[in-house]
Amino acid sequence: NAGVTQTPKFRILKIGQSMTLQCTQDMNHNYMYWYRQDPGMGLKLIYYSVGAGITDKGEVPNGYNVSRSTTEDFPLRLELAAPSQTSVYFCASSTGTRRETQYFGPGTRLLVL
Amino acid sequence: GENVEQHPSTLSVQEGDSAVIKCTYSDSASNYFPWYKQELGKRPQLIIDIRSNVGEKKDQRIAVTLNKTAKHFSLHITETQPEDSAVYFCAASMGGGYSTLTFGKGTMLLVSP
């Protein structure tokens, strides 16, 4: 199993540009999450999904959108990128049984200039 | 919503010493408390967790204690080694349903040889 994979690893965006961060898991996990990590601020939940077709907002959803058309994929869309979105983005997944244990992807480092 | 406070933000110890990281949470309904370790440039990984029906849990050199009355839990690392150097995050969750994790801001542990 590859676990949770994310692409790209690093990206530089100009202000106002859009992009999609990809996340895929091959563990057949129902639950998937997107976090952002800013220095000294821990992990903040952006969006999460409890299954295909079901998504919900986390603590910091503004400026982001998500979709969940399959169990495996959970892309995060940034519209009109802003410098405040410069961060490291982590995708995570967990099972439906012991759902609280989350497995993280390697992260995407995003710089908005 | 849940709020998790973590202290200290940085902790420096000598190899072989013990290290203690403390967290408090606000929602008395929380019943699951994991700890994640994040090495520099890597993804967070679960190292130990505890549920509210247990007061203490050990795994080799690491242990977690939980005081539900005071709403705080702690990570204890004994006989620290340089490879324990990392950022440690505590988190809390109400568990079940569509619960999500709320993370503390992290503690940077530095173990000097």
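Predicted model only: the values in this text are computed from it and were never measured. (Residues numbered from 1 in each chain as written. Chains lettered and ligands numbered in written order. Predicted model: local features only at pLDDT ≥ 70, side-chain atom pairs only at ≥ 80, totals over all residues. Heavy atoms only, no water.)

1. Considering the interface of chain A and chain B
So, step 1. Taken together, the 21 residues of chain A in the interface contact 20 residues of chain B.
So, step 2. Summed over both partners, the interface of chain A with chain B buries about 1800 Å², with 55% contributed by carbon and sulfur atoms.
So, step 3. Counting every contact that joins chain A to chain B gives zero salt bridges.
So, step 4. Across the contact surface, chain A and chain B share four residue pairs in polar contact (both at pLDDT 80 or more).
So, step 5. For the side of chain A that touches chain B, the secondary structure elements donating two or more residues are strand S4 (31-37) and strand S5 (43-51) of chain A.
So, step 6. Of the residues in the side of chain A that touches chain B, the class split is 12 nonpolar, six polar and three charged. (Contact = heavy atoms within 4.5 Å. Buried area = accessible area lost by both parts, 1.4 Å probe. Salt bridge = Lys/Arg side-chain N within 4 Å of Asp/Glu carboxyl O. Polar contact = N/O pair within 3.5 Å; in protein donor to acceptor, adjacent residues only side chain to side chain. Helix = DSSP H or I, 4+ residues; strand = E, 2+ residues; numbered from the N terminus. Nonpolar A, V, L, I, M, F, W, Y, C, P; charged D, E, K, R; others polar.)

2. Let's talk about the state of the cysteines
So, step 1. Enumeration according to the criterion identifies two disulfides over all chains in this entry.
So, step 2. With its sulfur 1.9 Å from that of its partner, Cys 23 of chain A forms a disulfide with Cys 91 of chain A. Taking the sign of the torsion about the S-S bond as the criterion, the disulfide between Cys 23 of chain A and Cys 91 of chain A, at about -70°, is left-handed. Taken as a pair, Cys 23 of chain A in strand S3 (residues 19-25) and Cys 91 of chain A in strand S9 (residues 87-94) lie far apart in primary sequence, 68 residues in all.
So, step 3. Cys 91 of chain A sits in the buried class, given a relative accessible area of 0%.
So, step 4. Here Cys 23 of chain B is linked by a disulfide to Cys 90 of chain B, with a sulfur-sulfur distance of 1.9 Å. (Disulfide = S-S within 2.5 Å. Buried < 20%, exposed > 50% of the residue type's maximum accessible area, 1.4 Å probe, protein only.)

Nothing here speaks to function; it is all geometry.
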